[in-house]
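# Coordinate inspection notes
Read off the chains here:
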Amino acid sequence: MGQEGEGGASGRGRCVGWPALDERRGPLQASLGTLGQRLQPGMADSAQAQKLVYLVTGGCGFLGEHVVRMLLQREPRLGELRVFDRHLGPWLEELKTGPVRVTAIQGDVTEAHEVAAAVAGAHVVIHTAGLVDVFGRASPETIHEVNVQGTRNVIEACVQTGTRFLVYTSSMEVVGPNTKGHPFYRGNEDTLYEAVHRHPYPCSKALAERLVLEANGREVHGGLPLVTCALRPTGIYGEGHQIMRDFYRQGLRLGGWLFRAIPASVEHGRVYVGNVAWMHVLAARELERRAALMGGQVYFCYDGSPYKSYEDFNMEFLGPCGLQLVGARPLLPYWLLVFLAALNALLQWLLRPLVLYAPLLNPYTLAVANTTFTVSTDKAQRHFGYEPLFSWEDSRTRTILWVQAAGSSAQ
Ligand SMILES: NC(=O)C1=CN([C@@H]2O[C@H](COP(=O)(O)OP(=O)(O)OC[C@H]3O[C@@H](n4cnc5c(N)ncnc54)[C@H](O)[C@@H]3O)[C@@H](O)[C@H]2O)C=CC1
Ligand SMILES: C[C@H](CCCC(C)(C)O)[C@H]1CC[C@H]2[C@@H]3[C@H](O)CC4=CC(=O)CC[C@]4(C)[C@H]3CC[C@]12C
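Residues numbered from 1 in each chain as written. Chains lettered and ligands numbered in written order. Predicted model: local features only at pLDDT ≥ 70, side-chain atom pairs only at ≥ 80, totals over all residues. Heavy atoms only, no water.

Applied cut-off: UniProt positions are given in the numbering used here, feature names are shortened, and annotations may be inferred rather than shown by experiment.
By the naming in an unreviewed UniProt entry, the protein is 3 beta-hydroxysteroid dehydrogenase type 7, taken from Theropithecus gelada. Its UniProt record gives the protein the following Subcellular location (unreviewed entry) comment, quoted word for word: "Endoplasmic reticulum membrane". UniProt, in the comment section headed Sequence similarities (unreviewed entry), describes the protein in these words: "Belongs to the 3-beta-HSD family."

Right under this line is the structure:
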């Protein structure tokens, strides 16, 4: 296991009301058969020029697409790129004409045999697939199944087939904000914080992250050790960010106005998607060479994005697109927001048999938006030489251009 991060913001908090890890064992072991004997990949004995097979799960999602494109642009050792997702994007077709073999695999991470087939023969797995739901769209069981059991299936597939390097997309949410609303101010991977989760999403990410870190050092098929690490993005923004697009459309519907709900003093950690993708690519590349240092470690994702409240940060992009945020202070008292959030939760529960009611405001999203959570760390730089690829100015410009295009295409 790793040498850093013990006892700090390690995400080994409590998931209130959730099953312990060992209660759900995956069926992969049984279903694999002789799959693991087909290929025995390992970068340790690879010649310098050997081309590598990468697998990106969730490769058609917001982050996954950026990871896929980043690998194609910036990973010279890439020989084949497997993109695994439940829903494949049409944009994948254009990538198939390039020099690197791109294999699109439609599959479900909860299906152990599908994961095993995709992993077999891969040198590196970047596991970004996940169910990102803090709005109550999916059931807690489904979130657990995809995020925890899906991750377990990925780990078991690596072990069975001999894949040695696994990078997991975790989340800041494995640390907090916690249910008590304690601020996490410019914290790092070692900052002490009481991680207590009640919501299914952070619970599932925390459990999955633990699985990944505990799998570090396990012997994979062929006898070599598995090397794993977890990256924890804060709130990701950039091209493809659906919530940003939704806020833009909402603002347009309201005649160009958005109304402040959260005090400007509440700082929220944000990181540009291109930099998060770059961090994944670098971590995956360096895992072999720096296995002793990086194995079993967690890294927050960070870049030069400014510390601001969630709404003020969004205005960095929505402002240049013509929207205005009304109010230097929240227009509604906080108790009223709490009441409205609770009302939304009640309505969601009452209406569930008839219709899915899943507004942005609920007790959980309000608590997250209203709690300071920012990171300040250089661990990724120290461990694997990460420097942001995109400056804040680049990230901002790229995001503005995307919001403008995405917003106008909806009109
Ligand atoms: N969006 C954010 O601000 C943050 C996201 N993350 C993590 O980053 C990862 C990617 O998130 P996003 O790109 O934002 O979400 P996304 O929803 O855009 O992408 C997730 C992808 O996973 C795929 N997927 C979902 N269930 C699957 C299944 N059962 N089998 C196969 N594929 C499946 C989806 O089809 C989708 O393409 C997730 O693991 C999430 O927890 C972490 C921190 C912040
Ligand atoms: C939707 C929230 C903002 C609405 C607040 C309102 C209704 C008062 O205007 C978003 C505020 C913070 C976001 C979350 C945060 O960025 C951390 C996340 C990490 C993840 O791993 C997944 C996404 C998210 C939970 C993100 C979701 C939207 C917010 C709650």
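### Comments concerning the packing of aromatic side chains
Basically, it comes down to this: Between the rings of Phe, Tyr and Trp (Trp by its six-membered ring), a pair exists once the centres lie within 6.5 Å; its type follows the angle of the planes, with under 30 degrees stacked, over 60 edge-to-face, and the other angles tilted. Here a helix means four or more residues in a row that DSSP labels H or I, a strand means two or more in a row labelled E, and each is numbered from the N terminus.
Scanning the entire structure with this criterion turns up 15 aromatic pairs. A ring pair is formed by Tyr237 and Phe313, whose centres lie 4.9 Å apart and whose planes are at 70°; its orientation type is edge-to-face. With Tyr237 in strand E10 (residues 235–237) and Phe313 in helix H10 (residues 310–318), this residue pair connects regions lying 76 residues apart in the sequence. Connected via pairs of aromatic rings, a cluster forms that spans Tyr237, Tyr272, Phe313, Phe317, Phe390 and Trp392.

### Points about the pattern of salt bridges
Formally: For this analysis, a salt bridge means a side-chain nitrogen from Lys or Arg found within 4 Å of a carboxyl oxygen belonging to Asp or Glu. Accessible area is worked out with a 1.4 Å probe on protein chains only. A residue is then buried under 20% of its type maximum, exposed over 50%, and partly exposed in between.
Scanning the entire structure with this criterion turns up 19 salt bridges. Salt-bridge contacts for Asp312 lead to Arg260; the nearest nitrogen and oxygen are separated by 2.9 Å. In this pair, Asp312 sits in helix H10 while Arg260 sits in the loop between strand E11 (257–259) and strand E12 (270–272), placing the two residues 52 residues apart along the sequence. Neither Asp312 nor Arg260 differs from the other in exposure class; each is buried. Through salt bridges with shared partners, a single ionic network connects Glu65, Arg69 and Glu94.

### Some points on the nonpolar core
As a reminder, the rule being used: For our purposes a nonpolar core is just a set of buried Ala, Val, Leu, Ile, Met, Phe, Trp, Tyr and Cys residues, chained together by side-chain atoms within 4.5 Å. Here, residues are in contact when the closest pair of their heavy atoms is within 4.5 Å.
Tyr54, Leu71, Leu81, Leu318 and Phe384 are the most contacted members of the largest nonpolar core, which totals 72 residues. The leading source of residues in this core is helix H8 (residues 273–286), at nine residues. Dropping the residues within four chain positions of it, Phe384 is found in contact with Met279, Leu282, Ala283, Glu286, Arg290, Met294 and Tyr299. Formed by 33 residues, the second largest nonpolar core is a distinct cluster that contains Val115, Ile155, Ala157 and Leu226.

### A closer look at the site of ligand 2
As a reminder of what qualifies: Nearness is judged by heavy atoms alone; a residue qualifies as near a molecule or strand once a single heavy atom is within 4 Å of it. Distance and chemistry together define a polar contact, namely a pair of N or O atoms within 3.5 Å, with one atom able to donate a hydrogen and the other to accept it when in protein, and with adjacent residues in sequence counting only for side-chain atoms on both sides. Residue-level accessible areas treat just the shown protein chains as cover; the underlying method is Shrake-Rupley with a 1.4 Å probe.
Taken together, 16 residues sit near ligand 2, with Ser171, Glu173, Tyr201, Gly235 and His268 positioned nearest. Between an oxygen atom of ligand 2 and a side-chain N or O atom of Ser171, the distance comes to 2.7 Å. A distance of 2.6 Å separates an oxygen atom of ligand 2 from a polar atom in the side chain of Tyr201. Compared with its free state, where it exposes 610 Å², ligand 2 has 89% of that area covered by protein.

### Concerning the side chain of Thr169
You can see Thr169 is positioned in strand E6 (residues 165–169). For Thr169, a relative accessible area of 7% puts it in the buried group. Excluding residues within four positions of it along the chain, Thr169 makes contact with Leu63, His127, Thr128, Lys205, Leu231, Pro233 and His280.

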